[in-house]
Amino acid sequence: MNSASHNKADNPSFFELVYQVVRLIPKGRVTTYGAIAAYLGSKQSSRAVGYALNGAHFIKPKVPAQRVVNRNGMLSGKAHFETPTRMQELLEKEGVIVKDETIQNFSKHFWDPAKELSL
DNA sequence: GTCATGACAAAGA
DNA sequence: TTCTTTGCCATGA
(Lines give C-alpha, C1' and ligand atoms only; values in the text may rest on other atoms or scores of the structure.)
Protein backbone atom coordinates (compact mmCIF):
# COMPACT_ATOMS: atom_id res chain seq x y z
CA MET A 1 0.00 0.00 0.00
CA ASN A 2 2.69 2.27 -0.10
CA SER A 3 3.10 2.18 -3.81
CA ALA A 4 0.05 4.27 -4.32
CA SER A 5 1.07 6.82 -1.75
CA HIS A 6 3.99 8.96 -2.62
CA ASN A 7 3.56 10.84 0.60
CA LYS A 8 7.08 11.95 1.05
CA ALA A 9 5.99 13.66 4.24
CA ASP A 10 3.07 12.19 6.06
CA ASN A 11 3.23 15.09 8.36
CA PRO A 12 2.70 18.69 7.86
CA SER A 13 4.46 20.23 4.93
CA PHE A 14 8.10 21.00 5.17
CA PHE A 15 7.18 24.65 5.39
CA GLU A 16 5.02 24.20 8.44
CA LEU A 17 7.78 22.32 10.19
CA VAL A 18 10.08 25.23 9.54
CA TYR A 19 7.56 27.69 10.98
CA GLN A 20 7.18 25.52 14.05
CA VAL A 21 10.89 25.44 14.78
CA VAL A 22 11.32 29.16 14.18
CA ARG A 23 8.51 29.93 16.58
CA LEU A 24 10.31 27.85 19.21
CA ILE A 25 13.37 30.06 19.06
CA PRO A 26 13.65 31.85 22.41
CA LYS A 27 13.84 35.60 22.52
CA GLY A 28 17.35 36.93 22.23
CA ARG A 29 18.51 33.80 20.42
CA VAL A 30 19.13 33.08 16.76
CA THR A 31 19.66 30.05 14.56
CA THR A 32 20.66 29.19 11.03
CA TYR A 33 18.84 27.77 8.04
CA GLY A 34 21.13 24.74 8.07
CA ALA A 35 20.39 24.06 11.76
CA ILE A 36 16.66 24.05 11.10
CA ALA A 37 17.08 21.90 8.03
CA ALA A 38 19.25 19.49 9.98
CA TYR A 39 16.65 19.31 12.74
CA LEU A 40 14.04 18.43 10.15
CA GLY A 41 16.28 15.64 8.94
CA SER A 42 17.70 17.18 5.80
CA LYS A 43 20.57 19.48 6.41
CA GLN A 44 20.93 19.92 2.68
CA SER A 45 17.53 21.49 2.47
CA SER A 46 18.76 24.74 3.93
CA ARG A 47 17.58 26.43 0.74
CA ALA A 48 14.10 25.11 1.18
CA VAL A 49 14.11 26.52 4.70
CA GLY A 50 14.90 29.98 3.43
CA TYR A 51 12.26 29.62 0.79
CA ALA A 52 9.76 28.61 3.43
CA LEU A 53 10.44 31.73 5.44
CA ASN A 54 9.79 33.69 2.30
CA GLY A 55 6.10 33.05 2.90
CA ALA A 56 6.36 33.26 6.68
CA HIS A 57 5.04 36.80 6.55
CA PHE A 58 1.64 35.45 5.66
CA ILE A 59 1.68 32.76 8.33
CA LYS A 60 0.00 33.03 11.67
CA PRO A 61 0.89 33.11 14.44
CA LYS A 62 3.71 35.42 13.67
CA VAL A 63 6.99 33.78 12.78
CA PRO A 64 10.13 35.43 14.20
CA ALA A 65 12.06 35.04 10.98
CA GLN A 66 14.42 37.77 12.13
CA ARG A 67 15.97 35.16 14.41
CA VAL A 68 16.96 33.06 11.43
CA VAL A 69 20.14 33.94 9.58
CA ASN A 70 22.69 32.15 7.47
CA ARG A 71 25.65 30.26 8.89
CA ASN A 72 27.77 33.43 8.71
CA GLY A 73 25.38 35.20 11.06
CA MET A 74 24.49 37.68 8.34
CA LEU A 75 20.95 38.98 7.96
CA SER A 76 20.67 37.65 4.45
CA GLY A 77 16.89 37.87 4.55
CA LYS A 78 16.59 41.43 5.81
CA ALA A 79 15.59 42.55 2.33
CA HIS A 80 12.49 40.39 2.55
CA PHE A 81 11.09 42.12 5.59
CA GLU A 82 8.71 45.04 5.64
CA THR A 83 11.77 47.23 5.53
CA PRO A 84 15.45 46.38 5.07
CA THR A 85 16.11 47.65 8.57
CA ARG A 86 13.15 45.91 10.21
CA MET A 87 15.09 42.70 10.83
CA GLN A 88 18.00 44.43 12.49
CA GLU A 89 15.68 46.56 14.60
CA LEU A 90 13.84 43.51 15.87
CA LEU A 91 17.04 41.69 16.75
CA GLU A 92 18.54 44.66 18.58
CA LYS A 93 15.26 45.08 20.39
CA GLU A 94 15.62 41.53 21.70
CA GLY A 95 19.15 42.16 22.89
CA VAL A 96 21.06 40.94 19.85
CA ILE A 97 23.83 43.19 18.62
CA VAL A 98 23.85 43.64 14.88
CA LYS A 99 26.72 45.35 13.13
CA ASP A 100 27.06 45.76 9.41
CA GLU A 101 24.16 43.41 8.74
CA THR A 102 25.95 40.79 10.80
CA ILE A 103 25.18 39.45 14.28
CA GLN A 104 27.94 40.03 16.79
CA ASN A 105 28.77 37.17 19.14
CA PHE A 106 26.78 34.99 16.82
CA SER A 107 28.04 31.82 18.50
CA LYS A 108 26.81 33.16 21.82
CA HIS A 109 23.32 33.85 20.53
CA PHE A 110 23.22 30.70 18.43
CA TRP A 111 20.35 28.39 19.29
CA ASP A 112 20.43 24.86 17.92
CA PRO A 113 16.98 23.20 17.76
CA ALA A 114 18.50 19.76 17.35
CA LYS A 115 20.28 20.35 20.64
CA GLU A 116 17.94 22.43 22.74
CA LEU A 117 14.79 20.60 21.69
CA SER A 118 16.50 17.27 21.98
CA LEU A 119 17.27 17.71 25.57
C1' DG B 1 7.58 17.13 -17.77
C1' DT B 2 11.71 20.25 -18.12
C1' DC B 3 14.12 24.69 -16.97
C1' DA B 4 15.27 28.44 -14.00
C1' DT B 5 15.34 30.79 -9.38
C1' DG B 6 16.27 31.22 -4.36
C1' DA B 7 16.19 34.48 2.96
C1' DC B 8 21.92 28.28 2.16
C1' DA B 9 26.06 25.30 2.96
C1' DA B 10 30.31 22.89 2.11
C1' DA B 11 34.37 22.14 -0.68
C1' DG B 12 38.06 23.53 -3.96
C1' DA B 13 41.53 26.85 -6.01
C1' DT C 1 42.16 34.26 3.54
C1' DT C 2 38.70 35.33 -0.15
C1' DC C 3 36.43 34.04 -4.43
C1' DT C 4 34.28 30.54 -7.27
C1' DT C 5 31.86 26.30 -8.11
C1' DT C 6 28.75 22.47 -6.94
C1' DG C 7 24.88 20.23 -4.46
C1' DC C 8 20.38 19.99 -2.24
C1' DC C 9 15.24 20.79 -1.73
C1' DA C 10 10.95 23.16 -3.02
C1' DT C 11 8.36 26.42 -6.10
C1' DG C 12 6.86 28.70 -10.32
C1' DA C 13 6.43 29.17 -15.41
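Up top is the structure.
Just so it is clear, the model here is predicted, and its values are computed rather than measured. (Residues numbered from 1 in each chain as written. Chains lettered and ligands numbered in written order. Predicted model: local features only at pLDDT ≥ 70, side-chain atom pairs only at ≥ 80, totals over all residues. Heavy atoms only, no water.)

Caption draft 1: Representation of helix α3 (residues 46-54) in the model. Burial in α3 covers these residues: V49, A52 and L53. Angularly, the buried residues of α3 cover 95 degrees about the axis, an arc narrow enough to put them on a single face. Turned more than 90 degrees off the buried face of α3, the exposed positions are R47 and Y51. (Buried < 20%, exposed > 50% of the residue type's maximum accessible area, 1.4 Å probe, protein only. Helix = DSSP H or I, 4+ residues; strand = E, 2+ residues; numbered from the N terminus. Arc of directions from axis to C-beta.)

Caption draft 2: Just the packing of aromatic side chains, in detail. Enumeration according to the criterion identifies 2 aromatic pairs in this entry. Look at F15 and Y19: their rings are 6.4 Å apart centre to centre, the planes differ by 85 degrees, and that puts the pair in the edge-to-face class. With F15 and Y19 both in helix α1 (residues 14-24), this residue pair falls 4 residues apart, about one helical turn. According to the relative accessible area criterion, F15 is partly exposed, its value standing at 33%. (Phe/Tyr/Trp six-rings, centres within 6.5 Å; stacked < 30°, edge-to-face > 60°.)

Caption draft 3: Just the protein's contact with DNA strand B, in detail. Near DNA strand B you find 16 residues, and of these Y33, R47, L53, R71 and H80 are the closest. Y33 is positioned such that a nitrogen or oxygen atom in its side chain is 2.9 Å from a base nitrogen of DNA strand B. Take H80: an N or O atom from its side chain is 2.8 Å from a phosphate oxygen of DNA strand B. Contributing elements (two or more residues each) for the surface near DNA strand B: α2 (33-40) and α3. When its residues are assigned to classes, the surface near DNA strand B shows 4 nonpolar, 10 polar and 2 charged. (Near = heavy atom within 4 Å. Polar contact = N/O pair within 3.5 Å; in protein donor to acceptor, adjacent residues only side chain to side chain. Nonpolar A, V, L, I, M, F, W, Y, C, P; charged D, E, K, R; others polar.)

Caption draft 4: The side chain of H109, seen in detail. Tracing the chain through its elements places H109 in helix α5 (residues 106-109). Since its relative accessible area comes to 11%, H109 is described here as buried. A polar atom in the side chain of H109 sits 3.2 Å from the backbone oxygen of G28. Among residues more than four places away in sequence, those in contact with H109 are G28, R29, V30, G95, V96, I103 and Q104. (Contact = heavy atoms within 4.5 Å.)

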